[in-house]
Amino acid sequence: MQLVPGRARIESSRLYNKDLAPTLLPGEAGDGNRAARTWGTYNYAALWVSMSVNILTYMLAASLIQGGMDWKQAVFTVFLGNCIVLVPMLLNSHPGARYGVPFPVLARASFGVLGANIAAGLRALVACGWFGIQTWIGGEAIKVLLATVWPYWKSVPHGAAICFMAFWIINLFVILKGIEYIRFLQGLSAPILLAVGLLLLGWAYKNAGGFGPMLSAGSRFTNFPDFLKFLVPALNGTVGFWATVSLNIPDFTRFAKNQRAQAIGQAIALPATMTLYSFIGVAVTSATVVIYGTSIWDPVQLLSRFHSPIAVVISLVAILLATLNVNIGANVVSPANDFSNMWPQRIGFKAGGIITCFMGIAIMPWKLLADYKTFIFGWLGGYAAFLGPVAAIMICDYYLIRKRQLLVDDLYLRGGIYEYSRGFNWRAAGALALGASVALVGLVVPSVRFLYDYSWFVGFAVSFVSYYAMMARVRLATPVTQAR
């Protein structure tokens, strides 16, 4: 076995640690603690099944019904949004699989070896918010579970806070076990979670008297302009749902055995699973109107009405497993690497995960789940204005500016071709600020509200064009690619 040229040089750099290091190919020598390429098509399909089958996917579609859509409109909106977000997902997946580097290291190519912390910091803050939201939902499930098997728990003071912290500790335990434990957990649970969702759909079908009564509610929009006025921000929110992972997907594709494995696994599992589980959310929520006379869009609250304690316990344990999977996969892996990127010599993956856990509490997730307007139009639409521009800059840089050619060693070194101006590419920072600003103008100027309603798309387009215009005239060194 031969050591990759220059590896000893980058391992002594302040921008390097074993968690941020390029993953090893079969037969390649290096740090014995470094990860290797072990993920195949099933692992990526299982990743998206386990991340998509969760309460927030269910609630996303249900919230579209609350907003006035009928079931066909809601499911189609989710499907279309996920097909759209799959495009930047696969584009950003390629460099991760080819060069074996995580998202914050890849961002160094466009933002600079130090400027990458701008992109990584934005992504990390959003992930911390999502971590808090999912942990709060998991805590709610534990609270209902305890009240089912031990009714006295309903009168315990601060029961919700205790359950929130209990689920928080479970997440912390998984983080401390490491990335390979996460892969094992997701691969094991994915088929179980799909089966539970189908069983819940079967229960609704039986008790509501078939799909007819379940899906009989029509759209509340009487004309197309009114429908379009709701569709635009709803579609933007649906895209924003996975806009986070479309950025940091290299954190996962760096472990791919080959490009084909990650591309096929993602293309099959993401749109299909999100659409299927969204339909389950819509159908079951509609069935609750028939069965209980009121719309129950929170599956945890729905399960609490079941008369069989055994059914409640089994279902809630499955929900806890689903929530744990998506929380770790979507909301811990990325910020752990992002925080590590800020101080590689002191912060590794596990330390970054611990920081994420504490910030998830500080963000106060219970306020973000106050109602569907706060969730879709505020939370999802707001951060999409920043993540769309970051995705645009990275995609433009990799495909148009650098023609998919990267010098891996220089991503870990000061003074290399990604040094720019003292470690910062101010053109990338300027394009990011311009794209986000244009999207956010819609918040303060009512006449151009559509800019904010389409924040991810507007931010992406403005930043892509402006970054290309600023970088096209810059003379870049042509690297000798170091494909993995």
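Nothing here was measured: the structure is a model prediction, and the numbers come from that model.

Conventions adopted
As a convention, each chain's residues are numbered from 1 in the sequence order in which they are written. A pLDDT threshold of at least 70 governs which residues receive local features in this predicted model, and a stricter bar of 80 or more applies before side-chain atom pairs are shown or counted, although totals over entire chains, interfaces and linings include all residues. The basis for every side-chain value is the complete set of non-hydrogen atoms in the structure, without hydrogens or water. Think of it this way: any DSSP run of H or I at least four residues long counts as a helix, any run of E at least two long counts as a strand, and we number them from the N terminus. The rule is simple: take the accessible area with a 1.4 Å probe, protein chains only, and divide by the maximum for that residue type; under 20% is buried, over 50% is exposed, in between is partly exposed. Note on definitions: a residue-residue contact is assigned when non-hydrogen atoms from the two residues lie within 4.5 Å. A 1.4 Å probe and the Shrake-Rupley method give the accessible areas. Residues count as covered only by the protein chains that appear here. Stacked, tilted and edge-to-face are the three classes applied to pairs of Phe, Tyr and Trp rings, where Trp contributes its six-membered ring and a pair requires centres within 6.5 Å; stacked means planes under 30 degrees apart, edge-to-face means over 60, and tilted covers the rest. A pocket, in this scheme, is an open set of points on a 1 Å grid over the protein atoms alone with protein on both sides within 12 Å along at least 5 of 7 lines, while a cavity is a set where a 1.4 Å probe fits but cannot get out; residues line either one if an atom lies within 4 Å of a point. Grid points are joined across faces, edges and corners, and a volume is the space filled by probe spheres set on the points. Nonpolar cores were defined as sets of buried Ala, Val, Leu, Ile, Met, Phe, Trp, Tyr and Cys residues, with membership established by side-chain atoms within 4.5 Å. For salt bridges, the criterion is a side-chain nitrogen of Lys or Arg within 4 Å of an Asp or Glu carboxyl oxygen. Patch membership needs two things, relative accessible area over 30% and no salt bridge, and members are linked within 9 Å if like-charged or within 5 Å if nonpolar (Val, Leu, Ile, Met, Phe, Trp, Tyr). A helix is expected to reach a length of 1.5 Å times the quantity of its residues less one. We define a polar contact as two N or O atoms separated by no more than 3.5 Å, with the added condition that, inside protein, one atom must be a possible hydrogen donor and the other a possible acceptor, whereas residues neighbouring each other in sequence contribute only through side-chain atom pairs. Lines fitted to the C-alpha atoms define the axes, with helices restricted to the stretch that makes contact. Angles between their N-to-C directions range from 0 to 180 degrees. Put simply, angles under 35 degrees are roughly parallel, angles over 145 are roughly antiparallel, angles from 65 to 115 are roughly perpendicular, and the rest are oblique. Residues are grouped as follows: nonpolar covers Ala, Val, Leu, Ile, Met, Phe, Trp, Tyr, Cys and Pro; charged covers Asp, Glu, Lys and Arg; every other residue, Gly included, is treated as polar. Pairs of cysteine sulfur atoms within 2.5 Å are identified as disulfides in what follows. Should the near helix be turned anticlockwise from the far one by less than a right angle, the crossing is termed left-handed; should it be turned clockwise, right-handed.

## Comments concerning the overall build of the protein
On a plain count of helices and strands, the protein comes out with 21 helices and zero strands. For the protein, the proportion of its 484 residues judged to be buried stands at 58%. For the protein, long-range pairs separated by at least 24 residues make up 83% of all intrachain contacts whose partners lie at least 6 apart in sequence. Accessible surface, the protein as shown: approximately 18,800 Å² in total, 67% of it carbon and sulfur.

## Thoughts on the packing of aromatic side chains
Aromatic rings in a pair are described by how distant their centres are and how their planes are angled relative to each other. Under the definition given, this model contains 21 aromatic pairs. By the ring-pair criterion, three or more aromatic residues cluster together here, those being Tyr 454, Trp 456, Phe 457, Phe 460 and Phe 464.

## Quick word on empty space enclosed by the protein
Where empty space is left can be seen by rolling a probe of water-molecule size over the atoms. In this structure the tally under the stated criterion is six cavities of 30 Å³ or more. Here the largest cavity defines a volume of roughly 140 Å³. Looking at the largest cavity, it is lined by 15 residues, and the ones nearest its centre are Ile 55, Val 196, Leu 200, Tyr 277 and Ile 319. Elements represented by at least two residues in the lining of the largest cavity include exactly α3 (55-66), α8 (179-208), α13 (299-303) and α14 (309-331).

## Remarks on the nonpolar core
One finds Trp 48, Met 69, Phe 111, Trp 242, Leu 316 and Tyr 412 to be the most contacted residues of the largest nonpolar core, which totals 133 residues. Every residue in contact with Met 69, bar those within four places of it in the chain, is listed here: Leu 64, Ala 74, Thr 77, Ser 219, Phe 221, Phe 227, Phe 230, Leu 231 and Ala 234.

## Some words on the pattern of salt bridges
Under the criterion given, the structure shown has five salt bridges. For Glu 140, the salt bridge goes to Lys 143, with nearest N and O atoms at 3.5 Å. In this pair, Glu 140 and Lys 143 both sit in helix α6 (residues 116-149), three residues apart, roughly one turn of the helix. Given a relative accessible area of 28%, Lys 143 falls into the partly exposed group.

## A look at the side chain of Thr 77
Mapped onto the elements, Thr 77 comes out in helix α4 (residues 71-99). The exposure class of Thr 77 is buried, given its relative accessible area of 1%. Excluding residues within four positions of it along the chain, Thr 77 makes contact with Leu 64, Met 69, Leu 231, Ala 234, Leu 235 and Thr 238.

## Here's the deal with the side chain of Asp 397
Locating Asp 397 in the fold gives a position in helix α18 (residues 372-401). With near-sequence residues (within four places) excluded, Asp 397 lies in contact with Ala 109, Ser 110, Arg 402, Tyr 420 and Tyr 467.

## Here we look at the environment of Gly 329
Mapped onto the elements of the fold, Gly 329 is located in helix α14. The class of Gly 329 is buried, set by a relative accessible area of 0%. For the pair Gly 329 and Trp 48, spaced 281 residues apart in the sequence, the C-alpha separation amounts to 9.2 Å.

## Here we look at a nonpolar patch on the surface
Together, Val 441, Leu 443, Val 444 and Val 445 make up an exposed nonpolar region whose accessible area comes to about 320 Å². Along the chain, the position of Leu 443 falls in helix α19 (residues 426-444).

## Description of α4
Every α-helix winds through 3.6 residues per turn, so residues three or four apart in the chain are directed the same way. The first and last C-alpha atoms of α4 sit 42 Å apart over 29 residues, in line with the 42 Å expected at 1.5 Å per residue. Measuring from the backbone nitrogen of Lys 72 back to the side-chain oxygen at the start of α4 gives 3.2 Å, which picks out Asp 70 as the cap. Positive phi shows up at Gly 100, right after α4, with a value of about 75°.

## Concerning the environment of Ser 455
Mapped onto the secondary structure, Ser 455 falls in helix α21 (residues 455-471). A relative accessible area of 0% places Ser 455 in the buried class. Each C-alpha atom of the pair Ser 455 and Leu 440 lies 7.2 Å from the other, and the pair is 15 residues apart in sequence.

## Considerations on unusual backbone geometry
With the exception of glycine, most residues fall at negative phi, and the peptide bonds are largely trans. In the Ramachandran plot, Lys 403 falls in the positive-phi region, its phi being about 55° despite a non-glycine side chain. Structurally, Lys 403 can be placed in the loop between α18 and α19. Although it is not a glycine, Arg 404 sits at a positive phi angle of roughly 65°. Position of Arg 404 among the secondary structure elements: in the loop between α18 and α19. Overall, the relative accessible area of 36% leaves Arg 404 in the partly exposed class.

## A short note on the packing of α3 against α6
The contact between α3 and α6 brings their axes to 11 Å, and the two run at 95°. Classified by the interaxial angle, the pair formed by α3 and α6 is roughly perpendicular. From α3, Ile 55, Leu 56 and Met 59 reach across to α6, where they touch Trp 130, Ile 133, Gln 134 and Ile 137. In terms of residue class, the contact of α3 with α6 is built from six nonpolar, one polar and no charged.

## Comments concerning the state of the cysteines
By the definition in use, this model includes zero disulfides. With no disulfide of its own, Cys 357 lies 8.9 Å from the sulfur of Cys 128, the closest cysteine sulfur.

## Concerning the packing of α4 against helix α10 (residues 224-248)
The packing of two helices is summarised by the inter-axis angle and the distance between the axes. Running from N to C, α4 and α10 point in directions that differ by 35°, and their axes come no closer than 8 Å. The two elements α4 and α10 cross, and the hand of that crossing is right-handed. Residue-level contacts link Gln 73, Thr 77, Val 78, Leu 80, Gly 81, Asn 82, Ile 84, Val 85, Pro 88, Met 89 and Asn 92 of α4 to Phe 227, Leu 231, Ala 234, Leu 235, Thr 238, Val 239, Trp 242, Ala 243, Val 245, Ser 246 and Leu 247 of α10. Looking at side-chain class alone, the contact of α4 with α10 contains 15 nonpolar, seven polar and no charged residues.

## Remarks on the environment of Val 85
Its place among the elements puts Val 85 in helix α4. Under the relative-accessibility criterion, Val 85 is labelled buried at 0%. Residues Val 85 and Val 245, 160 residues apart in the sequence, show an inter-C-alpha distance of 9.5 Å. Once you skip the residues sitting within four places of it in the chain, Val 85 turns out to touch Val 239, Trp 242, Ala 243, Ser 246 and Leu 270.

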